[in-house]
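What follows is the residue order along each chain.
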Amino acid sequence: MKASPTTASVPVKRSMSVRAWIANYGVYVALALLVVINAIITPHFLTVANLRLQLIQTAPVLIVALGMAMVIGTKGIDLSVGSVMALSAAIMPLYIGYGTVPAILVGIAAGGLSGLMIGALVSYFGIQPIVATLAVLIGGRGLANVIGGEIKNLSDPGLAVLGSGSLLGIPYSVLSAVILVLVAAFLMRRTTFGVMVEAIGGNKKAAELAGIRIKSVLVSVYVLSGLLAAFAGVLVAARSSASDPRTLGLLMELSAIAAVVIGGTSLAGGKVRILGTVGGALLMQLIVSTLVSHNIPDSVSQMVQAIVIVVAVALQVGRRKA
Amino acid sequence: MTDTSQQGPAQPHEEAALALAARGLNKSFSGVHVLHDVDFSLRPGTIHTVVGENGAGKSTLIKSLTGVYQTETGCIELAGSEVRFNHPSQAQDAGISTVYQEVNLVPLLSVARNIFLGREPRGRLGLIDVRALNRKAAEVVQDLGIDVDVTAELGALGLGVQQMIALARAVTTEARVVIMDEPTSSLERREVEVLFSVARRLRDQGVGIVFISHRLDELWELCDEVTILRDGRVVHTGPMHELDRRSLISAMLGRDITEHGVTSFTDTDVSETTAEVVLEAKDLSAPGRLQSVDVSVRAGEIVGLAGLLGSGRSETVKAIYGGLDTSSGQITVKGGPVRRGSVPAALRAGIALLSEDRKAEGIVPELSVRDNIILGILPRVSNAGVLSNRRIDELVDRWIHRLGIKVSSSRQLISELSGGNQQKVLIARWLCTEPSVFLLDEPTRGIDVGAKQEVQALIDELAEKGMAVVLISSETEELVAGSDSILVLRDGEVSEILTDDQVDNSRLLSALVDGGQR
């Protein structure tokens with residue numbers, strides 16, 4: 001900061017680009033750092049069992065965050081995801097008598113239906129995404145309570161496999177999250193849908209004049225987010241062999257938004273970063289588990305998460321100014 | 001910059017200090033010179049209008065005077081002493097108040113709160129003395145002849161009243177200069193009259209007022225002096241009453257005939273009346289904006305749309321393209337009907353529109369040049385929704401090469417390009433759709449001279465290859481050089497059609513001046 005006036009502009013410029021770099025890749029660096037630190041200070045961190053646990057716990061948040069990233073890419077937001085998780089987990093037991101797969105499909109379909117409704121409200125009735133999804137956040141959990149009542153034990157063997165079984169040593173939930181990440185990345189990078197999503201978020205008017213059907217793209221995005229949230233709800237219920245509509249998926253919308261934002265996706269829309277979102281979800285999980293395994297109270301870990309979110313957003317603001 | 005409280009009756013012809021003076025202002029944006037040595041003098045107790053077509057430098061001048069922009073050279077004097085504003089708030093503190101078309105007050109607060117925002121009368125304990133506030137506000141509005149309840153929420157009032165409250169605020173801040181930028185464009189006639197009477201009262205109190213409006217008739221009604229800008233230069237300044245409508249518009253738009261040959265349009269008058277009619281739009285109407293406009297373009301023909309700001313030029317092409325809600329009209333392309341009000345339908349029929357507002361309606365800043373180019377043809381560069389990189393790269397590289405777009409790579413963000421190159425990317429976007437009708441709204445505005453000539457030559461070439469082109473330009477010379485025939489619009493109606501050898505600068509100017517007044 002002691003640069004002479006003539007050279008002052010150079011360091012300023014460089015610090016801006018460093019900032020942009022951190023906003024883009026900082027999440028991976030932070031993740032790597034945290035892994036290294038944990039490997040040193042946390043006993044049994046680098047064991048298969050522990051890593052497996054970390055991934056299993058990340059999977060639902062990550063799956064929800066994928067849908068959230070797309071919604072945020074269109075300049076929207078989806079607050080309904082937590083309640084949609086509860087809803088699908090509450091509906092599923094009602095149909096378990098027809099078999100595991102039909103019950104799961106019905107649960108997931110409920111999420112798609114909720115997304116369809118939100119998408120219609122947003123694109124055809126012009127209701128702001130935050131309002132439309134807030135309505136489902138509140139009403140959806142209410143409905144889940146009505147349907148599911150209190151905690152239901154799910155002793156279906158098929159669900160038990162989905163919840164705790166694994167293929168070649170990889171838990172099904174982690175496997176499905178990996179597949180969904182690949183699908184989402186493909187959707188965003190290699191399909192017309194991805195271009196349309198980012199064009200709508202970047203400049204809606206221009207996208208409209210380029211002949212893009214804004215309304216159907218928006219509806220699709222909310223439907224996708226609803227489907228993903230519902231699937232995450234199924235996973236959580238399967239893992240715990242229980243469905244509690246009052247707590248399942250509670251505050252999930254905030255964790256998902258945090259993962260997206262920490263991953264470098266701007267809330268202003270126009271850009272979707274799938275891999276960054278993966279990093280964001282893993283980072284949040286690792287922070288919590290690090291603190292928990294060192295007996296630091298949950299309240300502290302919440303504050304740490306808050307700081308990480310603020311730092312991530314602050315970096316983005318800096319990027320936009322630069 | 002504070003103590004020259006020369007309030008009182010206006011004495012315009014006295015040798016008093018100017019309320020606001022600017023000398024030798026120069027300003028350019030990414031290589032495009034928008035202000036050339038502009039001088040501007042505002043005397044206290046006068047209403048002074050600045051006129052000019054789009055891109056003449058009007059808004060740049062205003063923004064330079066109010067601290068939004070900083071000019072490269074030149075100085076600004078306020079009441080005789082030199083000032084330098086680095087931020088709009090500094091200009092405001094110094095006594096320059098700006099009233100925009102979009103009212104920048106707080107809609108959820110009361111009228112009184114808005115008038116005294118930041119300067120509320122305080123009672124004991126430093127709390128706002130609401131009673132005194134309302135009383136003082138009531139005095140102010142009564143003084144100005146505004147009939148309004150000062151305790152009403154501002155946002156609940158009409159836009160006209162809101163404008164007046166913005167003016168009232170200017171009065172109470174003891175502004176010596178008030179700039180009114182297009183305050184009337186969304187007001188009804190009755191509201192305009194009240195606004196004018198408020199402005200006249202302010203003038204009579206010795207305030208210098210800069211008034212900008214694209215409704216030319218208003219100028220003679222209200223203004224004492226006029227400064228005309230064209231291409232960033234002052235071409236005339238003097239008393240308003242010395243100019244009539246015709247000379248004002250001529251000065252605004254006209255250029256000497258000797259300046260001919262500045263454009264890159266070649267003089268190949270097609271006028272083949274045998275070529276097939278490609279675009280036929282009949283009876284286009286949109287409430288309050290267009291009245292029964294007919295446009296017909298043959299293959300290989302360039303039809304110009306002329307008119308002053310607000311005449312319905314852009315609305316006409318938007319209506320044809322489906323981007324503007326219309327109440328009636330038929331559009332056909334090569335004889336086939338096109339559904340009104342649907343952009344995808346227009347695109348499918350082979351219509352493309354290069355919009356006037358590149359930033360708001362054209363580029364998607366966060367996307368690459370590549371993605372911006374393919375935005376209009378996504379189905380054609382994909383199989384079942386999966387993008388075909390091979391086809392995209394082929395197409396994108398071809399157009400980048402063909403239009404000479406300067407990029408480091410096709411994956412560069414479009415927001416990093418210059419205005420001219422952004423425009424070329426957008427032209428490439430539309431040409432990719434292989435249109436048979438190309439609607440170009442101000443295709444050369446705000447781009448540098450080199451790019452401008454390239455774009456003009458390209459338009460010519462496209463027409464030669466049989467495309468039907470509609471060209472909108474505020475530069476009469478560009479229209480005359482480029483078009484085979486010209487439709488002159490006024491108040492949303494076609495007022496005159498110039499064909500064949502009627503297409504020349506002086507004919508066009510007189511059509512613009514007299515059109516619709518016969």
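Residues numbered from 1 in each chain as written. Chains lettered and ligands numbered in written order. Predicted model: local features only at pLDDT ≥ 70, side-chain atom pairs only at ≥ 80, totals over all residues.

**Structural notes on the overall build of chain B**
Across its full length, chain B carries 17 helices and 22 strands. Computed over the C-alpha atoms, the radius of gyration of chain B is 25 Å, within 12% of the 24 Å expected from 2.2 N^0.38 for a compact globule of 518 residues. Its C-alpha atoms put chain B at 75 × 50 × 45 Å along the principal axes. Expressed as a percentage of the 518 residues in chain B, the buried residues total 50%. (Helix = DSSP H or I, 4+ residues; strand = E, 2+ residues; numbered from the N terminus. Rg over C-alpha atoms; globule rule 2.2 N^0.38 Å. Buried ≥ 20, exposed ≤ 12 C-beta atoms within 10 Å, placed from the backbone.)

**What to know about the sheet that holds strand 3 (residues 47-51) of chain B**
Residue and element names in this part refer to chain B. With mixed pairing, the six strands of this open sheet are ordered in space as 6-7-8-3-9-10. Taken across any chain shown, the strands that pair with only one partner, and hence form the sheet edges, are strand 6 (96-99) and strand 10 (233-239). Here the strands of the sheet are splayed against their neighbours by 20° on average, with no regard to which way each runs. Bridging between strand 7 (residues 177-181) and strand 8 (residues 208-212) involves five bridges; their strand directions are parallel. Counted as the bridge partner of I179 is V210 from strand 8. This element, helix 5 (residues 159-172), spans strand 6 and strand 7 of the sheet and lies at about 175° to strand 6. (Pairing = 2+ DSSP bridges. Axes fitted to C-alpha atoms, helices over the stretch in contact; angles between N-to-C directions. Contact = placed C-beta atoms within 7 Å.)

**Concerning the confidence of the model for chain B**
For residues with low pLDDT, the predicted coordinates do not support detailed interpretation. Residue and element names in this part refer to chain B. Per-residue confidence for chain B averages 83 on the pLDDT scale, and 90% of its residues sit at or above 70. Below a pLDDT of 50 lies the segment residues 1-15, which in the model reaches 22 contacts outside its immediate sequence neighbourhood of four places, other chains included. Of the regions scoring below 50 in pLDDT, residues 256-261 engages in one contact with residues more than four places distant in sequence or in other chains. (pLDDT = per-residue confidence, 0-100.)

**Observations concerning the sheet that holds strand 12 (residues 290-298) of chain B**
Through backbone hydrogen bonds, the strands of a sheet pair up, either in parallel or in antiparallel fashion. Residue and element names in this part refer to chain B. Read from one edge to the other, the open sheet built from four strands follows the order 12-11-14-15, with strand pairing classed as antiparallel. Each edge of the sheet is formed by a strand with only one pairing partner; in this case those strands are strand 12 and strand 15 (336-338). Sheet twist, expressed as the mean angle between neighbouring strand axes with direction ignored, is 20°. Looking at chain direction, strand 14 (residues 328-333) and strand 15 are connected through three bridges and run antiparallel.

**With respect to the packing of helix 13 (residues 389-403) of chain B against helix 14 (residues 419-432) of chain B**
Residues and elements named next belong to chain B. Relative to each other, helix 13 and helix 14 sit at 125°, their axes nearing to 10 Å. Looking at the two axes, helix 13 sits oblique to helix 14. Crossing of helix 13 against helix 14: the hand is right-handed. Contacts between helix 13 and helix 14 pair L395, W399 and L403 from the former with K424, I427, A428, L431 and C432 from the latter. Counted by class, the contact of helix 13 with helix 14 contains seven nonpolar, no polar and one charged residues. (Parallel < 35°, antiparallel > 145°, perpendicular 65-115°, else oblique. Left-handed = near helix turned anticlockwise from the far one by under 90°. Nonpolar A, V, L, I, M, F, W, Y, C, P; charged D, E, K, R; others polar.)

**Focus on the interface of chain A and chain B**
The partner chain B presents 22 residues to the 20 residues of chain A that form the contact. Contributions of two or more residues to the side of chain A that touches chain B are made by helix 8 (192-202) and helix 9 (204-209) of chain A. Ranked by residue count, the leading element in the side of chain A that touches chain B is helix 8 of chain A, at seven residues. For the side of chain A that touches chain B, the per-class residue count stands at eight nonpolar, six polar and six charged.

**Describing the domain arrangement of chain B**
Under the domain assignment used here, chain B contains domain 1 (20-258) and domain 2 (259-514). Averaged C-alpha coordinates put domain 1 of chain B and domain 2 of chain B at centres separated by 35 Å. (Domains from an automatic or database assignment.)

**So, the environment of W21(A)**
Along the polypeptide, W21(A) turns up in helix 1 (residues 9-41). The sequence separation of W21(A) and N50(A) amounts to 29 residues, and the corresponding C-alpha distance is 31 Å.

**Quick look at the environment of P107(B)**
Residues and elements named next belong to chain B. Among the structural elements, P107 can be located in the loop between strand 6 and helix 3 (111-115). On the basis of neighbour counts, which here come to 12 C-beta atoms within 10 Å, the residue P107 falls in the exposed class. Along the chain, P107 and E174 lie 67 residues apart, while their C-alpha atoms are 22 Å from each other. For P107, the residues in contact, after removing those within four places along its chain, are L154 and G155.

**Here's the deal with the pairing of strand 3 of chain B**
Residues and elements named next belong to chain B. Burial analysis of strand 3 places five of its five residues in the buried class, the great majority of the element. The alternating pattern of strand 3 places I47, T49 and V51 on one face and H48 and V50 on the opposite face, and all of these are buried. Sheet topology places strand 3 next to strand 8; three bridges connect them, and they run parallel. Residue pairing in the sheet places I47 in a bridge with I209 of strand 8. Of the strand pairs in this sheet, strand 3 and strand 9 (residues 225-230) are connected by four bridges, and their pairing is parallel. When the bridges of strand 9 are listed, V50 appears paired with T227.

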